[in-house]
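Here is what each chain is made of, one letter per residue.
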Amino acid sequence: GIQVEQSPPDLILQEGANSTLRCNFSDSVNNLQWFHQNPWGQLINLFYIPSGTKQNGRLSATTVATERYSLLYISSSQTTDSGVYFCAVGPYNQGGKLIFGQGTELSVKP
Amino acid sequence: ETGVTQSPTHLIKTRGQQVTLRCSSQSGHNTVSWYQQALGQGPQFIFQYYREEENGRGNFPPRFSGLQFPNYSSELNVNALELDDSALYLCASSLGRANTGELFFGEGSRLTVL
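Everything quoted here is computed from the prediction, not taken from an experiment.

A. Quick look at the layout of surface pockets. In this model, the largest pocket occupies a volume close to 480 Å³. Taken together, 24 residues make up the lining of the largest pocket; nearest its centre are A:Q37, A:V84, B:Q37, B:L39 and B:G40. Looking at the lining of the largest pocket, the elements that each hand over two or more residues are strand 9 (83–91) of chain A together with strand 9 (87–94) and strand 11 (109–113) of chain B. Reported here for the second largest pocket is a volume of approximately 320 Å³. What lines the second largest pocket is a set of 17 residues, among which A:K97, A:I99, B:P43, B:Q44 and B:F45 lie closest to the centre.

Here it is, written out as structure tokens:
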């Protein structure tokens, strides 16, 4: 089956710093989403981005489908950005299934 | 707020018992998916329901079963609970049977099996 790898697994930043999170996937996909999981466990939608580039405030994302990777950029990080960031992909012809990576745990220090 | 609600938020069961978890989908969505997230792991796909029929299943045994109702709400049932079933169970709603739509998750039901 399709493999989803996220890097780095852990990241510690000082408040105000910028960061880039990466998601590599092993086969073509027709869906890609980025989520932020808060300390209470809820998955918050960040981007629905099977291809192209999107921006939302301090966050932006780029997916290069032909090269099978996606990047999530966080600029001017804040302590509230702390948590786990997941990339999830939807393989072709597998119904409604999304496959999640193992996540990047981000800690932003004041 | 995603408009997806799950209940209960926390529960404790013992091995061998049965549990039912509930999910109300976002208004206008006709598809519900269930995921299991063990501690320190990414969510794993259990199954999806589209218009009351199962539309894809992950690598979970038959003691994991589900239902979707005419109002598109859903239940996840787990029989003969095992210690390894302890996890956060997440429900997601979306529109359409394919996995091309955006998924919106509820806050989860945290199950502990003793």
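B. Structural detail: the environment of B:Q37. Within the fold, B:Q37 resides in strand 4 (residues 31–37). Under the relative-accessibility criterion, B:Q37 is labelled buried at 7%. It is 9.4 Å that separates the C-alpha atoms of B:Q37 and B:R110, two residues lying 73 residues apart in sequence. Contacts of B:Q37, omitting those with residues within four sequence positions, involve A:Q37, A:F86, B:G42, B:P43, B:A87, B:L88 and B:L90. Separated by 2.7 Å, the side chains of B:Q37 and A:Q37 make a polar contact.

C. Structural detail: the pattern of salt bridges. Residue and element names in this part refer to chain B. This structure, assessed with the given rule, holds six salt bridges over all chains. The salt bridge involving E75 is made with R22; its shortest N-O contact spans 3.5 Å. Taken as a pair, E75 in strand 8 (residues 74–78) and R22 in strand 3 (residues 19–24) lie far apart in primary sequence, 53 residues in all. Overall, the relative accessible area of 15% leaves E75 in the buried class. The class for R22 is partly exposed, based on a relative accessible area of 42%. For the salt bridge of E82 with R63, the shortest nitrogen-to-oxygen distance reads 3.3 Å.

D. Up close: the interface of chain A and chain B. Facing 21 residues of chain A, the contacting portion of chain B comprises 25 residues. Between chain A and chain B the total buried area reaches about 1800 Å² when both faces are included, carbon and sulfur atoms providing 46% of it. Our count for the chain A to chain B interface comes out at zero salt bridges. Along the contact surface separating chain A from chain B lie six residue pairs in polar contact (both at pLDDT 80 or more). If you list the elements that add at least two residues to the side of chain A that touches chain B, you get strand 4 (29–37), strand 5 (43–48) and strand 9 of chain A. Of all the elements, strand 4 of chain A adds the most residues to the side of chain A that touches chain B, at five residues. For the side of chain A that touches chain B, the per-class residue count stands at eight nonpolar, 12 polar and one charged.

Each value, and the rule that gives it
Residues numbered from 1 in each chain as written. Chains lettered and ligands numbered in written order. Predicted model: local features only at pLDDT ≥ 70, side-chain atom pairs only at ≥ 80, totals over all residues. Heavy atoms only, no water. 1 Å grid on protein atoms, 1.4 Å probe; cavity = no way out; pocket = protein on both sides within 12 Å on 5 of 7 lines; lining within 4 Å. Points joined across faces, edges and corners; volume = space filled by probe spheres on them. Helix = DSSP H or I, 4+ residues; strand = E, 2+ residues; numbered from the N terminus. Buried < 20%, exposed > 50% of the residue type's maximum accessible area, 1.4 Å probe, protein only. Contact = heavy atoms within 4.5 Å. Polar contact = N/O pair within 3.5 Å; in protein donor to acceptor, adjacent residues only side chain to side chain. Salt bridge = Lys/Arg side-chain N within 4 Å of Asp/Glu carboxyl O. Buried area = accessible area lost by both parts, 1.4 Å probe. Nonpolar A, V, L, I, M, F, W, Y, C, P; charged D, E, K, R; others polar.

By themselves, these are just geometric observations and shouldn't be taken as functional.
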